Amino acid sequence: MTAVRLGDNKYGKAEVRLVRVTRDTARHEIEDLNVTSQLRGARLEGSFLEGDNSLVVATDTQKNTVYAFARDGVGSPEAFLLRLAEHFTGEFDWIEGGLWQAEQYSWERIVAGGAEHDHSFARTNRATRLAAVQVVDGETHVTAGLTDLTVLKSTGSEFHGFPRDRYTTLAETTDRILATSVTARWRYLPEAVAAGIDYNAVYAEVEALLLDAFASTHSLALQQTLWEMGKAVVEAVDAIAEIRFAMPNKHHFLVDLAPFGLDNPNEVFFAADRPYGLIEGTVVRDGVAEAPNAWKDLPGFI
Ligand SMILES: O=c1[nH]c(=O)c2[nH]c(=O)[nH]c2[nH]1
């Protein structure tokens, strides 16, 4: 008979949509999140193997806990997820760990009648903020990040010097469009987490550093731009141990206008959506211990 066993597992409620309005004054604040809570524990095996639900903290209960905790405020997605992690692992002794994730959508105040409005907002859609708290083997890891940060340089990007073989058709260029949609996740040093981090301030700082490095790097390859962006973050923010990137190269091809008797001095492009180059890399602070568990089950990263 074939022997089988239950491998890695976790369970919970995915994509709990939460909007929290803070209305202590007439000037309201909003926090708009998508929260996922998943629990792990060796004793939960019975729920998979036999349908024994005696230790299953229902996914519905996890969802309710998210909303109940929001009554006391969110503050930052990282702090909110840490509260959830501490609650589930503290309240139920068989819950050994889990993965708590959040996306946060950004809104800005509408300017109405020349002034920022107190309670009207517009979605900015610049990037989606990411946060994750991972509890594995009694250790807590906090990662933060962003996705869909779409950026483009209309010059200041070259790509040449690559090997040519019989399948190579790509022309060398000293002036091309460089465009990408950045997904990045960075891991906070455990000692910085223990000392306390202003997660919202660091998020704003990292987003600004990424944009600054993308803009100010004269790029010889998207790989080099990735390195410069990561290096800027790790050098500037002491609390960050490493930053990982996934960057699609959103190719823009010069359109041949010669059939129409026109030249095209790098002005008219076809924005292809696929295939795309996919450049991934990690920039690591020298001397810090690796933490593979921090990245367990996080989408999009090796
Ligand atoms: O920045 C780039 N890196 C590559 O590895 C690559 N390969 C390619 O065809 N174009 C590019 N651009």
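Residues numbered from 1 in each chain as written. Predicted model: local features only at pLDDT ≥ 70, side-chain atom pairs only at ≥ 80, totals over all residues. Heavy atoms only, no water.

Attention now goes to the pairing of strand 5 (residues 115–123). By the bridge criterion, five bridges tie strand 4 (residues 107–112) to strand 5 in an arrangement that is antiparallel. Residue pairing for strand 5: Glu-108 is matched across the bridge by Ala-122. Between strand 4 and the antiparallel strand that follows it, strand 5, lie two residues; Gly-113 among them carries a positive phi value of about 60°. (Pairing = 2+ DSSP bridges. Helix = DSSP H or I, 4+ residues; strand = E, 2+ residues; numbered from the N terminus.)

We note that the domain assignment places domain 1 (10–125) and domain 2 (148–302) within the protein. The partner domain 2 presents seven residues to the 10 residues of domain 1 that form the contact. Of the roughly 650 Å² buried between domain 1 and domain 2 on both sides combined, carbon and sulfur atoms contribute 52%. When residues of domain 1 are sorted by the area they lose upon contact with domain 2, Arg-40, Glu-78 and Gln-101 head the list and together hold 47% of the total. Linking domain 1 to domain 2 there are two salt bridges. Where Arg-40 meets Asp-297, a salt bridge forms, and the shortest distance between an N and an O atom there is 3.2 Å. (Domains from an automatic or database assignment. Contact = heavy atoms within 4.5 Å. Buried area = accessible area lost by both parts, 1.4 Å probe. Salt bridge = Lys/Arg side-chain N within 4 Å of Asp/Glu carboxyl O.)

Another aspect to go through is the pattern of salt bridges. Here the idea is simple: oppositely charged side chains can pair when their charged atoms come close. For the structure on display, the rule yields 15 salt bridges. A salt bridge links Lys-63 to Asp-60; its shortest N-O distance comes to 3.1 Å. Taken together, the residues Lys-63 and Asp-60, both in helix 2 (residues 59–70) and three residues apart, mark about one turn of the helix. Overall, Lys-63 belongs to the partly exposed group, its relative accessible area being 23%. Residue Asp-60 is classed as partly exposed on the basis of its relative accessible area, which comes to 38%. Lys-231 is paired through a salt bridge with Glu-235; the nearest N and O atoms lie 4.0 Å apart. In this pair, Lys-231 and Glu-235 are both assigned in helix 6 (residues 222–236), four residues apart and thus about one turn of the helix distant. With relative accessibility at 24%, the residue Lys-231 sits in the partly exposed group. Here the residues in one salt-bridge network are Lys-10, Arg-40 and Asp-297, joined through shared partners. (Buried < 20%, exposed > 50% of the residue type's maximum accessible area, 1.4 Å probe, protein only.)

With 11 of 11 residues buried, strand 8 (residues 178–188) lies mostly within the body of the structure. Neither face of strand 8 is left uncovered, since the one carrying Leu-178, Thr-180, Val-182, Ala-184, Trp-186 and Tyr-188 and the one carrying Ala-179, Ser-181, Thr-183, Arg-185 and Arg-187 both have all their residues buried. Of the pairings in the sheet, the one linking strand 7 (residues 139–153) to strand 8 comprises nine bridges and is antiparallel in character. Bridging across to strand 8, Ala-144 finds its partner in Trp-186. Bridging between strand 8 and strand 9 (residues 240–249) involves seven bridges; their strand directions are antiparallel.

Turning next to the sheet that holds strand 2 (residues 29–40). Strand order in the open sheet formed by eight strands is 1-2-3-6-7-8-9-12, with antiparallel pairing between adjacent strands. Here the strands that pair on one side only, and so sit at the sheet edges, are strand 1 (11–22) and strand 12 (277–284). Strand-to-strand twist across the sheet, computed as the mean angle between neighbouring axes with direction ignored, equals 15°. In the packing of helix 2 onto the sheet, contacts are made with strand 1 and strand 2, and the angle to strand 1 comes to roughly 20°. Lying on the sheet, helix 5 (residues 199–216) is in contact with strand 6 (128–136), strand 7, strand 8 and strand 9; it crosses strand 7 at an angle near 35°. (Axes fitted to C-alpha atoms, helices over the stretch in contact; angles between N-to-C directions.)

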